[in-house]
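Here is what each chain is made of, one letter per residue.
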Amino acid sequence: MKGLFRDKKVLKTCHIYQMLRAQSKKRHASFHTPGHKRKSWDITELSYSDNLSAPRGCIAEAEKDIARILGAKQSFILTDGSTSGVLAMLYAAKTLGARTVAVCENPHKSVFNGCAVLGLQPLVYGVKKKKNIPLQPTMSALKCEYPEVLLADALFFTSPDYYGNTADWEEIRKFCDETGKWLLVDGAHGGHLHFDGKLYAGGYADFWVDGVHKSLPAFTQGAVVSAKDERCADALQRAVDAFRTTSPSYPIMASVEYAVKYPRNEWLERQANGWIQTHERIYAANDWTKICAVFGDRAFEAEKSLESEGIYAEFCDGNIVMFYLSPYMSKKQFSLLTKTLRRYFIKYPLPLCEEQEKRAEKEAQRNPAPVVFGNAEKIWLDIDQAIGHICAENCGLFPPCTPLIKAGERIEKEKIELMKKSINVYGVLNGKIKVLKEKEKE
Ligand SMILES: Cc1ncc(COP(=O)(O)O)c(C=O)c1O
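Our subject in this report is the structure included herewith. In this text, all values refer to a predicted model and were calculated from it rather than measured experimentally. (Residues numbered from 1 in each chain as written. Predicted model: local features only at pLDDT ≥ 70, side-chain atom pairs only at ≥ 80, totals over all residues.)

Let's talk about the sheet that holds strand 9 (residues 223-227)
Strand pairing in a sheet relies on backbone hydrogen bonds. The paired strands run either parallel or antiparallel.
Piece 1. Spatial strand order, 1-9-8-7-6-2-3: seven strands in an open sheet with mixed pairing. Unpaired on one side and paired on the other, strand 1 (74-78) and strand 3 (121-125) mark the two borders of the sheet. Ignoring which end each strand starts from, the neighbouring axes of this sheet average 20° apart.
Piece 2. Across five bridges, the pairing between strand 1 and strand 9 is antiparallel. For Ile77, the partnering residue across the bridge sits in strand 9 and is Val224.
Piece 3. Helix-sheet contacts for helix 3 (residues 58-70) involve strand 1, strand 8 (207-210) and strand 9, and the interaxial angle to strand 1 is about 120°.
Piece 4. The sheet strands contacting helix 5 (residues 109-118) are strand 2 (100-104), strand 3 and strand 6 (154-158), and the helix crosses strand 3 at an angle near 145°. (Pairing = 2+ DSSP bridges. Helix = DSSP H or I, 4+ residues; strand = E, 2+ residues; numbered from the N terminus. Axes fitted to C-alpha atoms, helices over the stretch in contact; angles between N-to-C directions. Contact = placed C-beta atoms within 7 Å.)

What follows is the structure, given as C-alpha cells:
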C-alpha cells in the first residue's frame, strides 16, 4: 500500500486513504470477511468504512471530488476495470432509449460483448490505417462513407486508443447535438487527459470511462465512469449497480481517488511529446503516454530482446512496440527508455516495408459489419489448420484486445503467424480457433 501512496500533499486530500490509515492504527479483531482476517488495509463494508453501492461517508466525498476534477455531474469509482464502465455506459444508454450503437470495427471486446448481453445492435464502421496503425474516424469521413451507421441512437468512441490517437470532440459533440444522439466514450487509456480540455472526453461526452489504472498511479482494475448531467447520472447510477461487484476492494478505491488527484507531470509530458513529435521511428500521435516505437516485421524480435534486458513494453502488434508512460514515472525511468530505444533503433534498422502498408490499406476497405451465423455449425480447429476457413469468433492479440481476425473473415496465414508470435492472445483455446464448419473443407 505505502509504496504506491507517496505524495503526502495529495494524500492529505484523499478521503478513503485517510479513513483506512486512521483505522489501521486502532484495535480491530476481525470476525468478518475477508478471510485473511485483516492482514492488510483490504477490509469490507464496516460501520466506519462506507459502502460503494450507497456511499454516504468517505467514498461519497471521494466521488464528489473526482466528479469535480473530471468535470462530471456524477462519477462512480469502479474496482472491476473499465470493462464494467463500458457495460454500464451501454446499459445506461439503453435505459435512456438507445437501441443501436455506432462503433468502429476494432473496439475493446467489452463493447461487442456488452451489446450482445444487453440486446443493443452495434452498427459497425471500418477504420482507416496508416502504416498499419488504426486511426480515429472523422465525422466527415463517417458521414460520407457510413451514413447508415450514423443513424444509430448512440455513438461510441474509444479515445485515446492504444496508439495514442485521439478523437476530435468538437465536431463529434456538434453532430450529437444536432442529431440528438448519445455520446459514449471509452477512455480506458485516457485517465491522465483530464488536465487537457481539448483531448479529454469529459465536457463533451454524455457518459465516459476513465481507465485510471492504465495511465495513472492506481492499482490494476481501478477505473471511473462518469455522467454529464443529472438525467445521465440517474441512468448510470442504476447501470453501474448492475455490473459492479458488491465486494469492492478498498485499496483499489483508495488508489483511484489518489490517482485522479495525482498532479500533472509537465516535465515528462514535454519530454515525451518532444520524442513523439520529432523522432522518425516513433509514431506521431497526440497522447504523450504512448510511445509507439516502429520496428516493422522485427518487432517481436526487438520486444524479446528488450525483455532479455529486463525491459517490458505494454504490447507488440508485429509492427510497433508500445511503451506506456505515466505521470508517476521518474526522470530516471524515462531516460532508461530513451537511451535503450536509441540503441535498439540502430540494432533494428528495418523500416516498415511497403507491402505491409499496402495490406493495411486493403484491409481498411473491407466490409466491417459483424457477422451473425445463427445456428450454423462451428468447430474448433488447430490454429494452423484454421487457415483458409471462415472465422466464427473474433480473436486477436491481448492487449490490445481488439479483433485481429473477425468473425466472418476468411483466415489468412499472415494473421495466424502474427497470433503465433504473440505471447498473449484471446479467442484461442488450447491452440485452437473457432471456425465455421464448411462442407467443402471437411
Ligand atoms: C480500449 C479499452 N477499453 C476497455 C478496456 C478494459 O479495461 P479493463 O481491463 O480495465 O477492464 C481495455 C483494456 O485493455 C481497453 O484497451
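Details of the sheet that holds strand 17 (residues 432-436)
Piece 1. Across the sheet, which stays open at both edges, the three strands sit in the order 13-17-16 with antiparallel pairing between neighbours. Only two strands of the sheet have a single neighbouring strand rather than two, namely strand 13 (378-382) and strand 16 (428-429).
Piece 2. Pairing between strand 16 and strand 17: two bridges, direction antiparallel. Opposite Leu429, over in strand 17, you have Lys432 as the bridge partner.

Remarks on the nonpolar core
Piece 1. Counting residues in hydrophobic clusters, the biggest one holds 83 residues, and the most contacted among them are Ile16, Val101, Phe207, Val224, Val225 and Leu236.
Piece 2. Not counting residues up to four positions away in its chain, the partners in contact with Val225 are Phe76, Leu78, Gly85, Ala88, Met89, Phe207, Val209, Leu236 and Val240. (Core = buried A, V, L, I, M, F, W, Y, C linked by C-beta atoms within 7 Å. Buried ≥ 20, exposed ≤ 12 C-beta atoms within 10 Å, placed from the backbone.)

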